[in-house]
Amino acid sequence: MSGADDDAGSADGGDAGRERSVRYDAVVVGCGPAGAAAGVFLARYGLETAVFDRGSASLDRCAFLGNYPGFPAGIDVETFQTLLREHANEAGCALVDDLVESVQRADGADFADGELAPPADDRDADARFVVETQDGRCVTADRVVAATRYDGEYLRPLGGDEMFETHEHGGEEHEHFDPDYADEDGRTEVAGLYVASPAGQRDVQAVVAAGRGAHVARTLLEDRRTERGYPRELARHYDWVLPDSEFEGEWGDRERWETWFDERVPGDHGVGDERLAELRDAYLDRAFETHRSADEVADLTERAHRRLLDNLDDDLVLERAAEIEAERTVETDAEPPVSDG
Ligand SMILES: Cc1cc2nc3c(=O)[nH]c(=O)nc-3n(C[C@H](O)[C@H](O)[C@H](O)COP(=O)(O)OP(=O)(O)OC[C@H]3O[C@@H](n4cnc5c(N)ncnc54)[C@H](O)[C@@H]3O)c2cc1C
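None of the values given here were measured: they were computed from a predicted structure.

### Comments concerning the overall build of the protein
- The helix and strand tally for the protein stands at 9 helices and 11 strands.
- For the protein, the proportion of its 341 residues judged to be buried stands at 30%.
- Within the protein, residue pairs in contact and separated by at least 24 positions form 66% of the contacts whose partners lie at least 6 positions apart.

### What to know about the site of the ligand
- Surrounding the ligand, one finds 34 residues, the nearest of these being G30, G32, A34, S58 and S197.
- Counting residues per element, the ones that place at least two in the shell around the ligand are α1 (33-45) and α4 (206-227).
- A breakdown of the residues in the shell around the ligand according to their chemical character gives 18 nonpolar, 10 polar and 6 charged.

### A few points about the packing of α1 against helix α2 (residues 77-91)
- Interaxial distance between α1 and α2 falls to 8 Å at its minimum, and their mutual angle equals 15 degrees. In terms of orientation, α1 lies roughly parallel with respect to α2. α1 and α2 meet at a crossing whose hand is left-handed. Residues P33, A36, G39, V40, A43 and R44 of α1 lie in contact with α2, whose contacting residues are L84, R85, H87, A88 and A91.
- Broken down by class, the residue content of the contact of α1 with α2 amounts to 7 nonpolar, 2 polar and 2 charged.

### Quick look at the nonpolar core
- By size, the foremost hydrophobic cluster in this structure holds 59 residues, and its most contacted members are V27, A38, V144, V145, A196 and A217.
- At 9 residues, α1 tops the list of elements feeding residues into this core.
- Discounting residues that sit within four places of it in the chain, V144 has contacts with V27, V29, V103, F129, V131, G192 and L193.
- Counting residues in each nonpolar core, the second largest holds 5 residues, with Y230, L234, L279 and A282 among its members.

### Description of unusual backbone geometry
- Omega for the peptide link from S197 to P198 comes to 10 degrees, which places this bond in the cis form.
- Relative to the elements of secondary structure, P198 occurs in the loop between β9 (193-197) and α4.

### Notes on the packing of α1 against α4
- Taken N-terminus to C-terminus, the directions of α1 and α4 make an angle of 35 degrees; their axes are 7 Å apart at the nearest point. By crossing handedness, the relation of α1 to α4 is classed as right-handed. Residues P33, A34, G35, A36, A37, A38, F41, L42 and Y45 of α1 lie in contact with α4, whose contacting residues are A206, A209, A210, R212, G213, A214, V216, A217, R218, L220 and L221.
- Its residues placed into classes, the contact of α1 with α4 shows 16 nonpolar, 2 polar and 2 charged.

### So, the pairing of strand β8 (residues 172-177)
- Of the pairings in the sheet, the one linking strand β7 (residues 164-169) to β8 comprises 6 bridges and is antiparallel in character. Counterpart to H167 in the pairing with β8 is H174.
- Between β7 and β8, which follow one another and run antiparallel, lie 2 residues, and G170 among them has a positive phi close to 60 degrees.

### Side note on the confidence of the model for the protein
- Summing up the model confidence of the protein, the mean pLDDT is 89 and the portion of residues at 70 or higher is 87%.
- A low-confidence stretch, residues 6-10 (pLDDT under 50), is modelled with 11 contacts involving residues beyond four sequence positions or located in other chains.
- For residues 111-124, every residue scores under 50 in pLDDT, and the model assigns this stretch 25 contacts once sequence neighbours within four places are set aside.

### Some details on the environment of E289
- Inspection of the secondary structure puts E289 in helix α7 (residues 273-289).
- A tally of 13 C-beta atoms within 10 Å means that E289 is categorised as partly exposed.
- E289 sits 47 residues away from L242 along the chain, and the two C-alpha atoms are 9.4 Å apart.

Cut-offs and rules
Residues numbered from 1 in each chain as written. Predicted model: local features only at pLDDT ≥ 70, side-chain atom pairs only at ≥ 80, totals over all residues. Helix = DSSP H or I, 4+ residues; strand = E, 2+ residues; numbered from the N terminus. Buried ≥ 20, exposed ≤ 12 C-beta atoms within 10 Å, placed from the backbone. Contact = placed C-beta atoms within 7 Å. Near = placed C-beta within 6 Å. Nonpolar A, V, L, I, M, F, W, Y, C, P; charged D, E, K, R; others polar. Axes fitted to C-alpha atoms, helices over the stretch in contact; angles between N-to-C directions. Parallel < 35°, antiparallel > 145°, perpendicular 65-115°, else oblique. Left-handed = near helix turned anticlockwise from the far one by under 90°. Core = buried A, V, L, I, M, F, W, Y, C linked by C-beta atoms within 7 Å. Pairing = 2+ DSSP bridges. pLDDT = per-residue confidence, 0-100.

Shown next, in the form of C-alpha cells:
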C-alpha cells in the first residue's frame with residue numbers, strides 16, 4: 001500500500017502478545033462474525049490492526065450454523081470460528097487471544113464529561129486510546145471497534161453509565177450495553193470509538209453481524225480518509241478486486257481516472273491544490289493496485305482452495321480423494337483405444 005492516505009503501519013514490531021506499548025491504527029475487540037469482518041476490512045486497507053478475542057461468544061451457544069450464505073450444507077461453529085480467525089490473521093491483523101478489560105482515553109481525561117477526543121489525524125500525534133487486557137497487555141490505538149455481542153463493560157471508562165441501560169428480569173435489575181449507543185453506521189459520541197456489536201437487531205444473526213462489522217469498518221475508513229482531506233464522496237472505500245478487463249480502453253489511461261476524480265471534488269472543497277494532487281495520486285495508485293490478471297486469479301484460487309482444505313476433516317478429505325481417483329480410473333478405462341491408422 002502506498003500514498004498520502006495510506007501511511008505505513010504504526011505497530012512498532014512484534015505482536016501484541018509479546019510487546020507492551022505497541023501502537024495500532026485500530027484495535028478490534030472480538031473476532032466473531034462482526035469483529036472478524038471489521039478486522040479484515042481494516043487490515044486489507046492497510047491499517048495496522050490488532051484483534052483481541054476471548055470471553056463470552058454468542059456463537060458458542062449456536063448448535064450448528066445453517067444459514068450463513070456460502071456454506072450450502074451449513075458449517076459447524078468450531079470450524080466457522082477458526083475460519084473467521086484465520087481470515088483476520090491472513091488479512092494482516094495481529095490476532096491476540098486475550099480479553100480486553102478496559103479502553104481508556106490515552107491522555108487520561110474523562111470522556112464522560114461530554115468532551116470529545118481530539119482527532120488523531122497525524123501519525124505522530126498521540127494515540128487516542130489505551131487498551132488493557134486480562135493478561136496484562138497494554139497497547140494504544142487511534143481507533144477502537146467494539147464487536148462483542150455479550151460485552152461492553154470494557155468501554156465504561158469512555159462513556160460511563162450513559163452507555164448502559166437497565167432491564168428488569170425475574171424481579172432483578174440487569175444492566176446491558178445500550179444497543180443504540182452507536183448510530184446506524186457505528187459512530188459514537190466518542191471520537192475514534194465505533195461499535196459494531198452489541199447493536200440490537202443488527203447482531204442477532206451471524207451474517208447480519210458480519211455485514212454490520214464490515215459496514216462499521218467502512219465508516220471508520222471513511223472518517224479517517226475525510227480527516228486526511230478527501231471529499232466525502234471520495235473518502236468512501238470500496239474493497240473491490242477487479243479483473244484486468246476493467247482497466248481496458250479509456251479506463252486503462254490514468255488521465256481518464258484523474259478526470260473522473262476531479263469531477264467528484266466539490267468546488268468549495270477547502271483542500272489546497274498540492275494536497276489534492278497527493279490525495280488523487282494515492283487514490284489512483286490504490287485503484288490501479290487492485291486489478292488482477294487471469295493468471296493471478298488462478299494462483300489466488302488455488303491458494304484459497306488449499307486453505308479451505310486445511311480446515312476440513314482429514315479423513316473426509318482422504319475419503320473424497322479416493323473416490324475422485326476411482327472415478328478418474330473408470331473414465332480412463334472407458335476411453336476408446338487410440339487408433340494409429
Ligand atoms: C442460542 C443461540 C443460537 C444462535 N443460532 C444462530 C444461528 O443458527 N444462525 C445465526 O445466524 N445466528 C445464530 N445466533 C446468533 C449469532 O450467534 C450472533 O448473531 C453472532 O454470533 C453475533 O456476532 P458478534 O460478532 O456480534 O458476536 P459474537 O459471536 O458473540 O463474537 C464476539 C467475540 O468477541 C469475544 N469477546 C467477548 N468479549 C471480549 C472482550 N472483552 N475482549 C476480547 N474479546 C471478547 C468473544 O470471545 C467472541 O469470539 C445464535 C445465538 C444464540 C444465542
